[in-house]
Amino acid sequence: MSKIHCIDFEFDHDYDLIGIHSVLADYRMAYFLNNYLSIQLRRFKNDLDFEFRNCSFPLYKFEDETAYTSWSLIANKHVFTENVTEGDSNLFLEETKISYLIPEKKKVDYFIKITGLKDDVELSTTLLNINKINNIMASYAIDPMDLKSRDNLIF
């Protein structure tokens, strides 16, 4: 009788993660981050899609080849409408729902994932510059290993 062996695989989460609270639309957020951080985030041709959850999240990326860093901006929320069946006691035919990229951080509007920062001083400087942007209430570092759904940030 043959045995099936499962390989336990853990993704490498070797990056810095920043959570941002803001009311800015994603394209405006990318614009301000580009200006304040001297980077060049561009909308990625494909959104980050989760077909099994019927949601997608806009993704902006920048590869800084001179500093060997990679920057990604991604929204945490996907707002969509869903048709309500006639049997439900709802006044409206559609219901607005929200899906989250990282459900345990529902209050975070955007994440910035940075690969290749040299040290904590560079991260602190980045956070200081982000917090200078109008319409950003807060930004702070998040340890990806503290997140249950951290594998959603692998793209």
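In the block above lies the structure referred to throughout.
As a starting point, this report considers the structure included with it. The model shown is predicted, which means the values in this text are computed figures rather than measured ones. One numbering rule holds for all chains: residues counted from 1, following each sequence as written. Residue-level local features of this predicted model are given only where pLDDT is at least 70; pairs of side-chain atoms are given and counted only at 80 or more, and the full residue set underlies all totals for whole chains, interfaces and linings. Hydrogens and waters are ignored; side-chain quantities use all the structure's heavy atoms.

**A word on the packing of helix α1 (residues 26-37) against helix α2 (residues 120-130)**
At step 1: Remark: α1 packs on α2, axes separated minimally by 9 Å, with the N-to-C direction vectors making an angle of 125°. Between α1 and α2, the interaxial angle falls into the category oblique. In this structure, α1 crosses over α2, and the sense of that crossing is right-handed. Here α1 contributes L33, Y36 and L37 to the contact with α2, which in turn contributes T126, N129 and I130. Note on geometry: axes are lines fitted to C-alpha atoms, helical ones only across the stretch in contact, with angles between N-to-C directions running from 0 to 180 degrees. Secondary structure elements follow DSSP: runs of H or I of four or more residues count as helices, runs of E of two or more count as strands, with numbering from the N terminus. If an angle is under 35 degrees, it is roughly parallel; if it is over 145, roughly antiparallel; if it lies from 65 to 115, roughly perpendicular; otherwise it is oblique. Each crossing is labelled by how the near helix is turned from the far one, with a counterclockwise turn of less than a right angle marking it left-handed and a clockwise turn marking it right-handed. Contacts are assigned to residue pairs with any non-hydrogen atoms lying within 4.5 Å of each other.

**Quick word on unusual backbone geometry**
Excluding glycine, residues mostly carry a negative phi; peptide bonds, for their part, are mostly trans.
At step 1: The backbone of S38 shows a phi angle near 55°, a positive value even though the residue is not glycine.
At step 2: Mapped onto the secondary structure, S38 falls in the loop between α1 and β2 (42-43).
At step 3: Burial status follows relative accessibility: with a 1.4 Å probe on protein chains alone, a residue under 20% of its type maximum counts as buried, one over 50% as exposed, and anything between as partly exposed. The exposure class assigned to S38 is exposed, which follows from its relative accessible area of 66%.

**A look at the pairing of strand β6 (residues 69-75)**
At step 1: Where burial is concerned, most of β6 is hidden: seven out of the seven residues are buried.
At step 2: Covered by surrounding structure in β6 are T69, W71, L73 and A75 together with S70, S72 and I74, the residues of both alternating faces.
At step 3: Note that strand β5 (residues 59-64) and β6 share six bridges and pair antiparallel. Paired with E63 across the two strands is S70, which belongs to β6.
At step 4: The hairpin turn running from β5 into β6, its antiparallel successor, is four residues long, and Y68 in that turn takes a positive phi close to 55°.
At step 5: Where β6 lies against strand β9 (residues 110-115), six bridges are found, and the strand directions are antiparallel. Counted as the bridge partner of W71 is I114 from β9. In this scheme, strands are said to pair when DSSP sees at least two bridges between them.

**Some remarks on the sheet that holds β2**
Sheet strands associate in pairs through backbone hydrogen bonding, adopting either a parallel or an antiparallel arrangement.
At step 1: Read across the open sheet, the six strands follow the order β2-β5-β6-β9-β1-β10; overall the sheet is antiparallel. The two strands at the open ends of the sheet, each matched to only one other strand, are β2 and β10 (136-142).
At step 2: Of the pairings in the sheet, the one linking strand β1 (residues 16-22) to β10 comprises six bridges and is antiparallel in character. Residue H21 lies in a different strand from β10, and its bridge partner there is A138.
At step 3: In the packing of α1 onto the sheet, contacts are made with β1, β2, β5, β6, β9 and β10, and the angle to β6 comes to roughly 150°.

**Considerations on the pairing of β5**
At step 1: Bridge count for β2 against β5 is two bridges, and the pairing is antiparallel. Paired with R43 across the bridge in β5 is Y60.

**A short note on the side chain of S22**
At step 1: For S22, the position within the fold is in strand β1.
At step 2: In this structure S22 comes out as buried when scored by relative accessible area, which is 5%.
At step 3: Within 3.5 Å is the distance limit for a polar contact, defined as a pair of N or O atoms, with the added protein rule that one can donate a hydrogen and the other accept it, and that residues adjacent in sequence qualify only through two side-chain atoms. Of note is the side chain of S22, whose polar atom sits 3.1 Å from the backbone nitrogen of L24.
At step 4: The contact partners of S22, leaving out residues within four places of it in the chain, are M29, D109, N135, I136 and M137.

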